[in-house]
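Residues per chain, in single letters:
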Amino acid sequence: MQVSFNKTDSEDTDSLLHLAALEPGQEAVLDHLRLPEDISRRLMELGFLPGHTIGVGKAAPGGDPRVYRVDGSEVALRHETASRLLVRRPKKEKL
Amino acid sequence: MSGCHDCADCPAAKFPPPPAKAAHVIAIVGPPNSGKSTLFNRLTGLHQKVANFPGVTVEHHVGRLRADTDREVLLVDLPGVYSLLPHSEDERVTHDVLTGLRPGMEPEAVLLILDCTNLGRHLLLAAPILNLKLPTLVILNMADDLRNRGGQVDVAKLSAELGAPVALISASSGEGVDKVYQFIQGTAAGRAKVKAPLIQLPVLQDIPKCRRWASEVGAGAAYRAPEPPRWTRRLDAVFLHPWAGPLIFLAVVILVFQSIFAWATPVMDGMKTLVEASGAWVAPHIPTPLLRSLVVDGVWSGVGSVLVFLPQILLLFFFIGILEDSGYLARAALIADRTMRKFGLQGKSFIPLLSAYACAVPAVMSARTIENKRDRIATIMIAPLMTCSARLPVYTLIIAAFLPNRPLLGPILGTQAAALLGLYVLGFLAAVLTARLLKSSILKSGGTPFVLEMPPYRWPTLRSISLRLVDRARVFLRKAGTVILVVALLLWVAAHLPLQNGKPPEIGQSFAGQIGHAMEPVIKPLGFDWKIGIGLLTSLAARETIVATLGTIYGMEGEAASHGLQQALHADLTPGGALALLIFFAFAMQCMSTLAIVRRETGGWRWPAAQFAYMGLLAYAGAFLANQLAGGAVTRLIAFLQ
């Protein structure tokens, strides 16, 4: 697996959006976590690592919490947490 | 274990080490959902017990290995963790045990169990474990899953990379478990050597680096990740469908509720009859009447009041076992989360709170599926406010005694049923408000987010579910049983002493009666006299006891006397007092079994004591207000209905 840990270039930060903004079925690459360190660490242990691809899966009725596919497993997060994870769309994806 | 207050719980107490050779302690570590408990159960069977580390509420199992070894081998099942960085209590305990900071429990070897269908992420834990330099067997579980989904791993290469032996197994089918036995026999005989890994271990605090190390190791071992679980995706398309999902959820909820509420009742009645019949059978064999009463009314009925809950507990845990092992519980928690969040709780609180409508004891025990400690304690704290089945006999007696039954909504809802429904709503509201209060103050979750791993669906095995049932039954009988027995004996003594002319006194003259009289000034504002006071006292053991106690006080016993008892109550209680009594029972924590279980599950007397005080205060205040303010209105309402 190819993993990159470099921070995004500054001109790229405009294209960042938060994870909760993705539509079901979409994928994006995690850029960074805007959360206190211990919580970031917990999420990283679960696979939410910068540079990794996150896919959007099923959700509870009402769309919250939602299941995310990350690093080989599925983890559900509430909207309030997912909106703190900043992602960018993979380059190959055409909008 | 010095400073241990709970000797019965101490593993050393149960398994005294043989004098010649000390027991060989092996720790089992793994991330949540790695199949750790399944392997532990397979290795130890029923030779295990649950224990709490002194001073913390983290639970662990200790078991004796079923194998021929020179030394006795003790397996310690540590809580599931993702890393050894101690930021939760579970992780701190795991860290402390592995690094030898828990005296009497220093492991000489480690079984590290990982899910090989997700090796990249699970290998994260291998770095800190191998860094301990203890003889370690890396167990790759779910071998059958990996194979079926087209994944692959080279065990020999992985073993060389990590510098530790590796076993590819399936804990649920037993495939490859012989390798685990071989390893343990080796370490018990002191033959294990610790080698350094080929690829140097990363800096443990840096998770991205650890993850890169894991990827490198995986690549070196020719690891090919399996295809995504196709069946899980298909089942989720149904179970998490926008409208079919909630419908299935509702059906499951109704099934569980129905089973613990309706189906368990005949078994519980049977249990009660059995206890009474055996008591009646024993009675003639005891010569002195006083001793006979002590054994039959004290000990026997005390034991019976515990046993009576057992069918309900087993049934509930049978269903929870299926839900949890199959993977549906995570989906149910996902669906329930939005609603539970309104009360400051989370999805996983749903099943325990639902169970609390039958009985708070299994509800409190089932709260263990909630990993977040604060949410778990909040759930435990409010569970006894839900209307449990033991309140029903009390509610029915008082409502029937005071409220004339008139149709309210045609034949569907009468006034009596409406009153009963109102009490259910009252309990629910009290629970919800308490949850909000707790979660916005002392049990505020801080920044801890709701994170829920969705495991793939699996077939539950009868073996693992039945082992868990035995485990739960043991915990319940031992913990609740001992407390209940003591309380039952104390109550018997209070009701049968001091002797007058060698005979037990009238209940009014007994210690219980004296206490009842003494507390009359306190309960007078609630509209209760000393007889109700005695009833409140005996109902401390279990709520429904008050019906039997009042029967004794008024000299009426048996089912036939129910009508007489209603009339007697009518003479002693004002309508306001009756309402106060109902409200008192809705709020008060009159259940020793629940208190005993809360003590067990929260690891001390702090929470059950707070619960008892809070609910008692609520009950007193509620009953006081009801009697002082609503007494007149209730009287007029009853007159109007007549």
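Refer to the preceding data block for the structure.
Just so it is clear, the model here is predicted, and its values are computed rather than measured. (Residues numbered from 1 in each chain as written. Chains lettered and ligands numbered in written order. Predicted model: local features only at pLDDT ≥ 70, side-chain atom pairs only at ≥ 80, totals over all residues. Heavy atoms only, no water.)

## A few points about the interface of chain A and chain B
In many reports, interface size means the accessible area that the parts give up when they come together.
Then step 1. Taken together, the 32 residues of chain A in the interface contact 34 residues of chain B.
Then step 2. Summed over both sides, the interface of chain A with chain B buries roughly 3,100 Å², with 60% coming from carbon and sulfur.
Then step 3. Contact with chain B buries surface across chain A, with A:Glu45, A:Glu74 and A:Arg78 losing the most and accounting together for 21% of the total.
Then step 4. Linking chain A to chain B there are 5 salt bridges.
Then step 5. In this structure, A:Arg42 and B:Glu91 form a salt bridge, with 2.4 Å as the shortest nitrogen-oxygen distance. (Contact = heavy atoms within 4.5 Å. Buried area = accessible area lost by both parts, 1.4 Å probe. Salt bridge = Lys/Arg side-chain N within 4 Å of Asp/Glu carboxyl O.)

## Description of the side chain of A:Asp64
Then step 1. Positionally, A:Asp64 belongs in the loop between β3 (53–59) and β4 (66–70).
Then step 2. Separated by 2.8 Å, the side chain of A:Asp64 and the backbone nitrogen of A:His79 make a polar contact.
Then step 3. Once you skip the residues sitting within four places of it in the chain, A:Asp64 turns out to touch A:Leu77, A:Arg78, A:His79, B:Arg338 and B:Arg341. (Helix = DSSP H or I, 4+ residues; strand = E, 2+ residues; numbered from the N terminus. Polar contact = N/O pair within 3.5 Å; in protein donor to acceptor, adjacent residues only side chain to side chain.)

## What to know about the packing of aromatic side chains
Residues and elements named next belong to chain B.
Then step 1. In this structure the tally under the stated criterion is 7 aromatic pairs over all chains.
Then step 2. Relative to tyrosine 328, the ring of phenylalanine 239 has its centre 5.2 Å away and its plane inclined at 75°; by these criteria the two rings are edge-to-face. With a gap of 89 residues between them, phenylalanine 239 in helix α10 (residues 230–239) and tyrosine 328 in helix α14 (residues 328–341) connect regions that are remote in the sequence.
Then step 3. Relative accessible area serves as the criterion here: at 5%, tyrosine 328 is assigned to the buried category.
Then step 4. Taken together, a centroid distance of 6.1 Å and an interplanar angle of 15° make the contact between tyrosine 357 and tyrosine 424 stacked. One end of the pair, tyrosine 357, is in the loop between α15 (350–355) and α16 (360–366); the other, tyrosine 424, is in helix α19 (residues 415–439), and 67 residues separate them in sequence. Each member of the pair, tyrosine 357 as well as tyrosine 424, is classed as buried.
Then step 5. Linked through ring pairs, Phe239, Tyr328 and Tyr457 together constitute an aromatic cluster.
Then step 6. The ring of tryptophan 231 is capped by arginine 234, whose NZ or CZ atom sits 4.9 Å from the centre of that ring. (Phe/Tyr/Trp six-rings, centres within 6.5 Å; stacked < 30°, edge-to-face > 60°. Buried < 20%, exposed > 50% of the residue type's maximum accessible area, 1.4 Å probe, protein only. Lys NZ or Arg CZ within 6 Å of the ring centre and 35° of its normal.)

## Topic: the sheet that holds strand β5 (residues 73–77) of chain A
Then step 1. Read from one edge of the open sheet, 7 strands run β1(A)-β6(A)-β2(A)-β3(A)-β4(A)-β5(A)-β10(B), paired in antiparallel fashion. The open sheet has two edge strands with one neighbour each: β1 (17–18) of chain A together with β10 (451–454) of chain B.
Then step 2. With 4 bridges joining them, β3(A) and β4(A) adopt antiparallel strand pairing. Paired with A:Ala59 across the strands is A:Arg66, a residue of β4(A).
Then step 3. Across the sheet, helix α1 (residues 37–45) of chain A lies against β2 (27–33), β5 and β6 (85–88) of chain A together with β10 of chain B, angled at about 145° from β2(A), the strand it touches most. (Pairing = 2+ DSSP bridges. Axes fitted to C-alpha atoms, helices over the stretch in contact; angles between N-to-C directions.)

## Observations concerning unusual backbone geometry
Residue and element names in this part refer to chain A.
Then step 1. The omega torsion across aspartate 64 and proline 65 is -5°, close enough to zero to call that bond cis.
Then step 2. Of note, aspartate 71 is a non-glycine position whose phi angle comes to about 45°, a positive value.
Then step 3. When you line up the elements, aspartate 71 lands in the loop between β4 and β5.
Then step 4. Judged by relative accessible area, aspartate 71 falls into the buried class, the value being 11%.

## Quick notes on the pairing of β2(A)
Residue and element names in this part refer to chain A.
Then step 1. In terms of burial, β2 is largely enclosed, as 6 of its 7 residues are buried.
Then step 2. In this structure, β2 lies alongside β3, joined through 3 bridges in antiparallel fashion. Bridged to alanine 28 within β3 is isoleucine 54.
Then step 3. As paired elements, β2 and β6 share 4 bridges and run antiparallel to each other. The partner of valine 29 across the bridge, within β6, is arginine 88.

## Thoughts on the pattern of salt bridges
Then step 1. Here the structure, examined in full by the defined rule, presents 24 salt bridges over all chains.
Then step 2. As a salt-bridge pair, A:Glu45 and A:Arg42 come within 3.1 Å of each other at their nearest N and O atoms. One end of the pair, A:Glu45, and the other, A:Arg42, are both in helix α1, 3 residues apart, so they sit about a helical turn from each other.
Then step 3. The class of A:Glu45 is buried, set by a relative accessible area of 2%.
Then step 4. The residue B:Asp325 makes a salt bridge to B:Arg468 at a minimum N-O spacing of 2.7 Å. Separated by 143 residues along the polypeptide, B:Asp325 in helix α13 (residues 310–326) and B:Arg468 in helix α20 (residues 462–496) bring together distant segments of the chain.

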